[in-house]
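Examination of the molecular architecture
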Amino acid sequence: MEKSKKKFSIKERLLTFKHVFCGFKVLWAEEHNARIHIIVSVIVVILGALLDISLTEWLIVLVLIGLVLSLEIINTSIENICDYISPEWHMIIKKIKDLAAAAVFLAAMISVVCRIIIFLPKLCDFFI
Ligand SMILES: Nc1ncnc2c1ncn2[C@@H]1O[C@H](COP(=O)(O)OP(=O)(O)OP(=O)(O)O)[C@@H](O)[C@H]1O
């Protein structure tokens with residue numbers, strides 16, 4: 001049925017969460033880089049609570065966690081599409097996968113720099 005003619009259903013909306021959890025399950029099971037991002041994110045949130053970072057700092061930390069994890073999910077999705085349409089080596093597939101990986105790397109590096117700016121002075125105050 002055409003999407004615009006479908007009736008709105010809360011049950012169907014709730015069922016979409018099932019697909020979301022399947023996505024997270026695949027990510028955790030198949031993507032080792034994503035596991036590292038998730039574990040580091042949990043550590044950063046715990047550190048944020050322990051070091052009592054400000055509201056603005058929380059917003060920056062949380063937005064960057066969301067950005068990096070979302071890009072990792074999109075990267076995984078792109079990799080899967082590539083593997084499906086072209087299991088053999090291809091120059092264009094290489095370009096597509098490298099670009100998607102570069103997007104995750106860029107966000108992860110910006111995130112690392114912001115975390116250093118936010119946490120390093122607080123960690124120094126705490127330990128010194
Ligand atoms: N079919 C292909 N054709 C050309 N190059 C490929 C192909 N598959 C993988 N590559 C190259 O190998 C790299 C790693 O691809 P792979 O699919 O193994 O991702 P990965 O090891 O899971 O990487 P990531 O750490 O970004 O998740 C790609 O960035 C690309 O340069």
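Located above this text is the structure these notes cover.
In this text, all values refer to a predicted model and were calculated from it rather than measured experimentally. (Residues numbered from 1 in each chain as written. Predicted model: local features only at pLDDT ≥ 70, side-chain atom pairs only at ≥ 80, totals over all residues.)

1. Here's the deal with the overall build of the protein
The number of helices and strands found in the protein is 4 helices and 0 strands. Secondary structure elements of the protein, listed N to C terminal, follow the sequence α-α-α-α. Over its C-alpha trace the protein gives a radius of gyration of 19 Å, far above what one expects of a compact globule, namely 14 Å for 128 residues. Each principal axis of the C-alpha distribution contributes one length, and for the protein these read about 65 × 45 × 25 Å. Expressed as a percentage of its 128 residues, the buried residues of the protein come to 9%. Contacts in the protein between residues far apart in sequence, at least 24 positions, make up 69% of those at least 6 positions apart. (Helix = DSSP H or I, 4+ residues; strand = E, 2+ residues; numbered from the N terminus. Rg over C-alpha atoms; globule rule 2.2 N^0.38 Å. Buried ≥ 20, exposed ≤ 12 C-beta atoms within 10 Å, placed from the backbone. Contact = placed C-beta atoms within 7 Å.)

2. Some points on helix 2 (residues 32-50)
If you check helix 2, its first and last C-alpha atoms are 27 Å apart, about what 19 residues at 1.5 Å a residue would give, namely 27 Å. Positive backbone phi, approximately 50°, marks Asp52, located one or two places after helix 2. (Expected span 1.5 Å × (residues − 1).)

3. Focus on the nonpolar core
Judged by nonpolar contacts, Val61, Leu64, Val68, Val104 and Ile118 together constitute the single largest core of 5 residues. At the level of elements, helix 3 (55-85) and helix 4 (91-127) are the ones that each hand at least two residues to this core. The leading source of residues in this core is helix 3, at 3 residues. (Core = buried A, V, L, I, M, F, W, Y, C linked by C-beta atoms within 7 Å.)

4. Focus on the site of the ligand
Neighbouring the ligand are the residues Asn33, Asn75, Glu79, Ser86, Trp89, His90, Ile93, Lys94, Lys97, Asp98 and Ala101. Of all the secondary-structure elements, those providing two or more residues to the shell around the ligand are helix 3 and helix 4. Top contributing element to the shell around the ligand by residue count: helix 4, with 5 residues. Classifying every residue of the shell around the ligand gives 3 nonpolar, 4 polar and 4 charged. (Near = placed C-beta within 6 Å. Nonpolar A, V, L, I, M, F, W, Y, C, P; charged D, E, K, R; others polar.)

In short, the description is geometric, and any link to function would need to be established separately.
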